[in-house]
Amino acid sequence: MIDSLFHLSLHQLRQTAPVVHCITNHVAMDLTANALLSVCACPLLSAAPAEMEELAQVANALLINIGTLDDTLIQASLIAGRAMHRLGKPIVLDPVGVQVSNYRLQAALTIIDECHPTIVKGNQREMEVLLPKIARPEFIAVTTGEQDTIIAANRQEQLTGGSTMMTQVTAMGCTAGAMIAAMASVEPDPFLASCYAIRLMKEAGANAQTEVGLGTYRQRFIDYLSHV
């Protein structure tokens, strides 16, 4: 039953071709865009505050990734996030590096407070720092690592698999956030959307495993996403 629902959501994603607006870090843009295109989603990459309101009208989901953070990105994220929240569209926050500076931590907390993300995805250290700062998390919490954990108010799922090579390729974690946003645009249950997206990433990561090298691995990862 779980397998059939997973493949049904993936089929719907390919048929719908949702627009996923990614306010993301500069390093992640290439892999993020190509991964989204591989599952037939339409990546929209912009962080210009002046057009955030308009882009919210055409986007089906929003990813906010604070990897290369500055004041302009914070402004754009808040405008886009508020607009998407008003429109009832899914928002994914990737609080990259919140453990390394108060500037990042406060930016993430402000985005959570003003934009009300549907899903927050971070690695274990990021989530250990962020979650205790929030009195009552109302989002799905996705913690990635050797074992990924997806937690909702009354549900929890743990997923294993993937490949250790994923940790050696820049922007794999950021791409997971974009994949969650894409899946959340077609799957109304954000908990299931998170589970399906993480499963897809892990399957692609495992099937791309190669002894040739990391460059080939990155390409094989994209290839698997396009053929699954």
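Use the structure listed above.
Notes on the structure follow. (Residues numbered from 1 in each chain as written. Predicted model: local features only at pLDDT ≥ 70, side-chain atom pairs only at ≥ 80, totals over all residues. Heavy atoms only, no water.)

Our focus in this paragraph is the nonpolar core. Met172, Met179, Phe221 and Leu225 are the most contacted members of the largest nonpolar core, which totals 49 residues. Residue assignment for this core shows that the elements contributing at least two residues are helix H1 (2-16), strand S1 (19-23), helix H2 (29-38), strand S3 (61-65), strand S6 (140-144), helix H7 (172-184), helix H8 (190-207) and helix H9 (214-227). The greatest single-element share of this core, amounting to ten residues, is contributed by H7. Counting 34 residues, the second-largest nonpolar core is a separate cluster that includes Ile23, Met52, Ile91 and Ala107. (Core = buried A, V, L, I, M, F, W, Y, C linked by side-chain atoms within 4.5 Å. Buried < 20%, exposed > 50% of the residue type's maximum accessible area, 1.4 Å probe, protein only. Helix = DSSP H or I, 4+ residues; strand = E, 2+ residues; numbered from the N terminus.)

A separate point is helix H4 (residues 71-86). An α-helix turns once per 3.6 residues; consequently, residues spaced three or four apart project the same way. Counted at 1.5 Å a residue, the expected span for H4 with its 16 residues is 22 Å, and the 23 Å between its end C-alpha atoms agrees. Taken together, the buried positions of H4 are Leu73, Ile74, Ala76, Ser77, Leu78, Ile79, Ala80, Gly81, Ala83 and Met84. The inward-facing, buried residues of H4 abut S1, helix H3 (52-58), S3, strand S4 (91-94) and helix H5 (102-115). The opening residue of H4, the one whose side-chain oxygen lies 3.1 Å from the backbone nitrogen of Thr72, is Asp70. Among the residues trailing H4, Gly88 stands out with phi positive, at a value near 75°. (Expected span 1.5 Å × (residues − 1). Contact = heavy atoms within 4.5 Å. Polar contact = N/O pair within 3.5 Å; in protein donor to acceptor, adjacent residues only side chain to side chain.)

Looking now at the pattern of salt bridges. For the coordinates displayed, the defined rule picks out nine salt bridges. Its salt-bridge partner being Asp189, residue Arg155 comes within 2.9 Å of it at the nearest N-O pair. With Arg155 in the loop between strand S7 (148-151) and strand S8 (156-159) and Asp189 in the loop between H7 and H8, this residue pair connects regions lying 34 residues apart in the sequence. On the basis of relative accessibility, which here comes to 35%, the residue Arg155 falls in the partly exposed class. (Salt bridge = Lys/Arg side-chain N within 4 Å of Asp/Glu carboxyl O.)

Turning next to the state of the cysteines. Evaluation of the coordinates by the stated rule reveals zero disulfides. Free cysteine Cys42: the closest other cysteine sulfur is in Cys40, separated by 8.5 Å. Since its relative accessible area comes to 33%, Cys42 is described here as partly exposed. (Disulfide = S-S within 2.5 Å.)

The next point concerns the environment of Leu87. Note that Leu87 resides in the loop between H4 and S4. It is 8.1 Å that separates the C-alpha atoms of Leu87 and Gln57, two residues lying 30 residues apart in sequence. Residue contacts for Leu87: discarding those within four places in its chain leaves Ala56 and Gln57.

Moving on, we come to the sheet that holds S8. Across the sheet, which stays open at both edges, the eight strands sit in the order S2-S1-S3-S4-S5-S6-S7-S8 with mixed pairing between neighbours. Strands at the two margins of the open sheet, each flanked by one partner only, are strand S2 (42-44) and S8. Going across the sheet, the axis of each strand differs from the next one's by a mean of 15°, ignoring polarity. Bridge count between S1 and S2: three bridges; the pairing is parallel. Within S2, the residue paired with Val20 across the bridge is Pro43. (Pairing = 2+ DSSP bridges. Axes fitted to C-alpha atoms, helices over the stretch in contact; angles between N-to-C directions.)

Now for the packing of aromatic side chains. According to the stated counting rule, one finds one aromatic pair in the structure shown. When the ring of Phe6 is compared with that of Tyr196, the centres are 6.0 Å apart and the planes differ by 65°; the resulting orientation is edge-to-face. Residue Phe6 is located in helix H1, and its partner Tyr196 is located in helix H8; the two are separated by 190 residues in the primary sequence. Residue classification places Phe6 among the buried positions, given a relative accessible area of 0%. Residue classification places Tyr196 among the buried residues on the basis of a relative accessible area of 4%. Arg199 extends its terminal NZ or CZ atom over the ring of Phe6, reaching a point 4.2 Å from the ring centre. (Phe/Tyr/Trp six-rings, centres within 6.5 Å; stacked < 30°, edge-to-face > 60°. Lys NZ or Arg CZ within 6 Å of the ring centre and 35° of its normal.)

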